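Fold and contact review
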Amino acid sequence: MSRVFVRRLRLGAAFVLLAYLILHFANHALGLVSLEAMGAGRWWFLALWRSAPGTLALYGAITAHGLLALWLLYDRRTLRMPPWEATQYAIGLLLPALLVVHVVSTRIAWWRFGVDDPYQRIVLGLSLQSPEFGARQTLTLVLAWLHACIGVHYWLRFRSWYPRALPWLFTVALLLPTLALLGFVVAGREVAALARTPGWTEAMLRSVHAAGPAEAARLVAIRRGFLDTYLIALVVVFTARGGRRLLERRRSIRIAYPNGRVVIAPGGFTILEASRLAGIPHASVCGGRGRCSTCRVRIVGGLEGLPPPREAERRVLARVGAAPDVRLACQTRPAGDVAVEPLLAPSVVPAEAFGTDVRQGREQELAVLFADLRGFTRMAENKLPYDVVFLLNRYFEAVGTAITGAGGVTNQFTGDGVMALFGIESGPAAGSRQALVAARAMVERVNALSAELAGDLPTPLRIGIGIHAGPAVVGRMGWGESFYLTAVGDTVHVAARLEQATKDYAAELVVSEDVARHATLDLSHFPAHDLSVRNRAGKVAIRVIDHVTNLPTI
Ligand code: HEM
Ligand code: FES
């Protein structure tokens, strides 16, 4: 099974369970309206989850999530982990034991013996007849929700949009279980009032099919069987871990860190697990799930002895534009001795790694523009050096003011080329629009400059501009005096290629379809092409704009 598949399955299953929990809680919350509303909600809830596709999705997700959790417990070489991760694991492993009574007495009882479980009966049972079950159910509900919230938080927290969404998500995370519990309490009061009416309880119980003594005994046996199987599975996992440990101890590996520390770890450990084993602080924002890239290390010795990165790791490394000697510490299990250099400070927090402080470097979506003066080298051959510098500075002034005027950041002036970033703060949609506005202004200003210097120029100045939008790693990079805000990664590479393509198409501007989509601009009347880009799988869909003045109003 490939790791990409495992990761997708893990998330897919977790989200089916999350959807189930959310709808289940929403249904309980209807108790705040009335028992009747709760019952109506339940009809829809059951129509979904007791249908064939719903059953398949839910029980498939429970099985997949449970089995993967056990597999991951086996796969990790050390149980040392940050407190949040330990909490998630502990609750996750406790949940089957807590949930089994509820699941067996509702779904399994219905499935095997046609037992009805309307809210009246469940509420009566949990709040009046056996409040200790009610308390346990409340605890289970809170723990399941906490477990899911930790999972979602650590899954998403290094996304650039997450800090903005956090207050909303946090509000929902607090409100939903609170409303669900309140709904249950209010429904409990309503049932208690009804139960005071003589004969109501008996009539209600008579109207629903309850389990008889033989069926109840069978359900208890099913519950025991499930708990025993689960316990055996846990024992098997821990025994297998122990056995593997004995085997792997025999072939230990040495991992050297920059401060001269050397960790001797059993073979099979990831570099991150070795750091954790030795108590060496090591950034791992996603908890070693191969998503955030903050654990990445430069391999300064023993690179040749490392197994090549698998698909999942390769994707994350490509996303951050990592060099070939950089690996994810959480995904790399060295077969021999290695020397590593962690690339991010251990104290890195998501906001620093990918969040709000761009100086630290973060991955985000933005628009990147490249521009170049056409035929400038030939023109410069016939000019005095002083004139070349003068002309270039006037040109940079013209394009630079056009870029900053549109809200972009001029990033690099190299030769007669310029690179600019748009949407660092505002995102790719605003960035794409700003870049297109800048392109128009750049051409206008260069034309004005040409007109002004017409007497000194053999031919008018012409520029070619390429714009692409997508994810890139943005940060202040450089050394000594030359520190500037720049971006690296595939998006930058593609934007540079689009600028070169303006020569092939003799056009002023080439933009990717991604830019048009982000800017919500209809460019369908401009010629479309698919462009191949070196070292990149798949082609880039582009639009060729001969003259920027033909662009629709932005
Ligand atoms: C009640 C419904 C449940 C929901 C909504 C839920 C949700 C989640 C979510 C969202 C994650 C994070 C997924 C990820 O990072 O890939 C997660 C991880 C986890 N869950 Fe659950 N879960 C549930 C039940 C369970 C149960 C019953 C178990 C135990 C068998 C369990 C064990 C785990 C473990 C051990 C992890 C961490 C796995 C890892 O290292 O990535 N969960 N869960
Ligand atoms: S810890 Fe997040 S990718 Fe390694």
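Along each chain, the written sequence defines residue order, and numbers are assigned to residues from 1. Key to labels: chains lettered from A, ligands numbered from 1, both in the order written. Totals for whole chains, interfaces and linings use every residue, but because this is a predicted model, local features are given only for residues with pLDDT of at least 70 and side-chain atom pairs only at 80 or more, for both listing and counting. The basis for the side-chain values is all heavy atoms of the structure; hydrogens and waters are excluded.

Quick notes on the overall build of the protein
For the record, the criterion: Helical segments are the DSSP runs of H or I of at least four residues, strand segments are the runs of E of at least two, and each set is numbered from the N terminus. Our radius of gyration looks at C-alpha atoms and nothing else; its globule reference is 2.2 Å times the residue count to the power 0.38. Pairs of residues are marked as contacts when any of their non-hydrogen atoms sit within 4.5 Å. Surface exposure here means Shrake-Rupley accessible area, sampled with a 1.4 Å probe, where a residue is shielded only by the protein chains that are shown.
Along the protein, the regular secondary structure elements total 17 helices and 13 strands. In terms of overall dimensions, the protein is more spread out than a globule: its C-alpha atoms have a radius of gyration of 31 Å, far above the 24 Å expected for 554 residues. A fraction of 72% describes how many contacts in the protein between residues 6 or more apart in sequence connect residues 24 or more apart. If you sum the accessible surface of the protein, you get close to 27,400 Å²; carbon and sulfur atoms cover 62% of it.

Describing the coordination of the iron atom of ligand 1
Cut-off, in case you're wondering: For Na, K and Ca the donor cutoff is 3.2 Å, while for all other metals N, O and S atoms must lie within 2.8 Å; water is not among the atoms, so some sites may look incomplete. In these descriptions, tetrahedral denotes four donors with every angle between 85 and 135 degrees, square planar four donors and octahedral six donors with opposite donors over 155 degrees apart and the rest between 65 and 115, and irregular any other case. Buried means the residue's accessible area, taken with a 1.4 Å probe over protein chains only, is under 20% of the maximum for its type, while exposed means over 50%, and partly exposed covers the values in between.
Within the protein, the atoms that donate to the iron atom of ligand 1 are His65 (NE2) and His147 (NE2), at distances of 2.0 Å. Here the iron atom of ligand 1 is ringed by six donor atoms whose angles at the metal span 85 to 179°, and the overall shape comes out octahedral. Taken together, the positions of His65 in helix H3 (residues 52-75) and His147 in helix H6 (residues 131-156) put the pair 82 residues apart, joining distant regions of the chain. Overall, His65 belongs to the partly exposed group, its relative accessible area being 25%.

Structural notes on the site of ligand 1
So the rule is basically this: It suffices for a single heavy atom of a residue to lie within 4 Å of a molecule or strand for the residue to be listed as near it. Counted as a polar contact is a pair of N or O atoms within 3.5 Å, where, for protein atoms, one must be capable of donating a hydrogen and the other of accepting one, and residues adjacent in sequence contribute only when both atoms are in side chains. Side-chain classes are defined by residue name, with Ala, Val, Leu, Ile, Met, Phe, Trp, Tyr, Cys and Pro counting as nonpolar, Asp, Glu, Lys and Arg as charged, and the others, Gly among them, as polar.
The environment of ligand 1 is made up of 21 residues, and the closest members are Arg10, His65, Gly92, His147 and Arg291. Between ligand 1 and Arg10 there is a distance of 2.9 Å, counted from an oxygen atom to a side-chain nitrogen or oxygen. Contact between ligand 1 and Arg291: an oxygen atom at 2.8 Å from a side-chain N or O atom of the residue. Ranked by residue count, the leading element in the shell around ligand 1 is helix H1 (residues 3-29), at six residues. Residue composition of the shell around ligand 1, by class: twelve nonpolar, six polar and three charged.

Thoughts on the pairing of strand E1 (residues 252-256)
Regular strands have side chains that alternate between both faces of the sheet. Applied cut-off: Following DSSP output, two strands are said to pair if at least two bridges run between them.
Of the two faces of E1, the one lined by Ile253 and Ile255 is fully buried and the one lined by Ser252, Arg254 and Ala256 carries no buried residue. Sheet topology note: the E1/strand E2 (residues 262-266) ladder contains five bridges and is antiparallel. Across the sheet, Arg254 pairs through a bridge with Ile264, a residue of E2. What sits between E1 and E2 in their antiparallel hairpin is a turn of five residues, with Gly260 showing a positive phi close to 90°.

Quick look at the confidence of the model for the protein
Definition in use: Every residue is assigned a pLDDT by the predictor, reflecting its confidence on a scale from 0 to 100.
A residue-level look at the protein finds 94% of positions with pLDDT of 70 or above and a mean pLDDT of 87. For the protein, helix H12 (residues 350-353) is the element with the lowest average pLDDT, namely 44, and strand E11 (residues 509-512) is the one with the highest, namely 97. Taken as a whole, residues 350-359 scores under 50 in pLDDT and shows 35 contacts with residues more than four places along the chain or in a different chain.

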